[in-house]
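The chain contents come next:
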Amino acid sequence: MSETRSRQTDSPYLAAFQGGFSGVLRWHQLDALWERLRARAGEGWYVYAVGEPPPASPADAESLLRFIDEVDALLRREHDEDYCGVVYGDDLTQPRFVKIYDPNHLGSSCGSSGLRVLPGWTLSLIPPVDLPEALPQTGSRRRWWQKLFGSGK
């Protein structure tokens, strides 16, 4: 394991990321979560787009509010369901960590397929680490592809 990866796996962010989360099942619950986050916008939230370099500093209140508005619009437009189910919080009444899954890259966000699907974005009060580096995806899809088409024994 590389030194960077070792440092990341010991991080408070990663421990929180792998902790317990509750799903936001209904759109009105998402509205309530957004209101709680808006009320605490100046508390030093890190807005992390997974796959991009993690932010080195928290977003200012205005940037967080703009992100909430934009991601809410995206979720409602692209997750055309009568339920939400793509947002998870560590505590929905006093959140410290929120995972937001990309509606166009869901797979099985609960992990029941055996494949880990990383969220599209996280909001946290803890400085993030590079999730794709710290939690590399399994090679099972590649192995499935190779088995299916007989390439790479």
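Remember, predicted model here, so these are calculated numbers, not experimental data.

Visitor: For this particular structure, what's the right way to read the packing of aromatic side chains?
Guide: Each aromatic ring pair is characterised by the separation of its centres together with the angle its planes make. Under the counting rule described, the total for this entry stands at six aromatic pairs. Measuring from centroid to centroid gives 6.5 Å for Tyr13 and Phe17, while their planes differ by 20°, and the two rings are stacked. Of the two residues, Tyr13 and Phe17 are both situated in helix 2 (residues 12–17); the distance of four residues between them amounts to about one turn of the helix. The exposure class assigned to Phe17 is buried, which follows from its relative accessible area of 4%. Relative to Phe97, the ring of Phe21 has its centre 5.5 Å away and its plane inclined at 80°; by these criteria the two rings are edge-to-face. Taken together, the residues Phe21 in the loop between helix 2 and strand 1 (22–24) and Phe97 in strand 4 (residues 97–100) connect sequence positions 76 residues apart. Put simply, the rings of Tyr13, Phe17, Phe21, Tyr48 and Phe97 touch in pairs and so form one group of aromatic residues. Its end group placed over the ring of Phe17, Lys99 keeps NZ or CZ at 4.1 Å from the ring centre.

Visitor: Teacher, can you tell me more about the nonpolar core here?
Guide: Soluble globular proteins: nonpolar side chains tend toward being buried together. Formed by 23 residues in total, the largest nonpolar core has its most connected members in Leu30, Trp34, Leu37, Leu75, Val87, Ile100 and Leu123. Taken together, the elements giving at least two residues each to this core come down to helix 3 (27–39), helix 4 (61–78), strand 4 and strand 5 (121–124). The element contributing the most residues to this core is helix 4, with six residues. Once residues lying within four places of it in the same chain are set aside, the contact partners of Leu30 are Val24, Asp72, Leu75, Arg76, Cys84 and Val87. Counting residues in hydrophobic clusters, the runner-up holds eleven residues, among them Tyr13, Phe17, Tyr48 and Leu131.

Visitor: What should I look at first to understand the confidence of the model for the protein in this one?
Guide: Low pLDDT means the predicted coordinates in that region are not meant to be read closely. Per-residue confidence for the protein gives a mean pLDDT of 83, with 73% of residues at or over 70. Within the protein, the element-level pLDDT minimum falls on helix 1 (residues 3–9), averaging 50, and the maximum on strand 5, averaging 98. Note on residues 108–113: pLDDT is under 50 here. Beyond four places in sequence and across chains, it has five contacts.

Visitor: In this structure, what is going on with helix 3? I would like to understand it.
Guide: In an α-helix, one turn spans 3.6 residues, which is why side chains three or four residues apart end up on the same side. Taking 1.5 Å of rise per residue, 13 residues should cover 18 Å, and helix 3 covers 19 Å from first to last C-alpha, within 8% of that figure. All of the buried residues along helix 3 are Trp27, Leu30, Leu33, Trp34 and Leu37. The buried side chains of helix 3 occupy one side of the element, clustering within an arc of 110° when seen end-on. Facing away from the buried side of helix 3, by more than 90 degrees, are the exposed residues His28 and Ala39. Contacts made by the buried residues of helix 3 are with strand 1, helix 4, strand 3 (87–89), strand 4 and strand 5.

Visitor: How should I be thinking about the pattern of salt bridges in this particular structure?
Guide: Any two side chains of opposite charge can pair, so long as their charged atoms come close to each other. The full count for this structure, using the stated rule, is seven salt bridges. Notably, a salt bridge pairs Arg38 with Glu35, separated by 2.9 Å at the nearest N-O pair. On the criterion of helical spacing, the pair formed by Arg38 and Glu35 is a turn pair, its members being three residues apart in helix 3. Judged by its relative accessible area of 26%, Arg38 falls in the partly exposed class. Salt-bridge contacts for Arg38 lead to Asp69; the nearest nitrogen and oxygen are separated by 2.8 Å. Taken together, the residues span a long stretch of sequence, with Arg38 in helix 3 and Asp69 in helix 4 at a distance of 31 residues. In the salt-bridge network here, residues are joined through shared partners; they are Asp31, Asp72 and Arg76.

Thresholds, definitions, all that
- Residues numbered from 1 in each chain as written.
- Predicted model: local features only at pLDDT ≥ 70, side-chain atom pairs only at ≥ 80, totals over all residues.
- Heavy atoms only, no water.
- Phe/Tyr/Trp six-rings, centres within 6.5 Å; stacked < 30°, edge-to-face > 60°.
- Helix = DSSP H or I, 4+ residues; strand = E, 2+ residues; numbered from the N terminus.
- Buried < 20%, exposed > 50% of the residue type's maximum accessible area, 1.4 Å probe, protein only.
- Lys NZ or Arg CZ within 6 Å of the ring centre and 35° of its normal.
- Core = buried A, V, L, I, M, F, W, Y, C linked by side-chain atoms within 4.5 Å.
- Contact = heavy atoms within 4.5 Å.
- pLDDT = per-residue confidence, 0-100.
- Expected span 1.5 Å × (residues − 1).
- Arc of directions from axis to C-beta.
- Salt bridge = Lys/Arg side-chain N within 4 Å of Asp/Glu carboxyl O.

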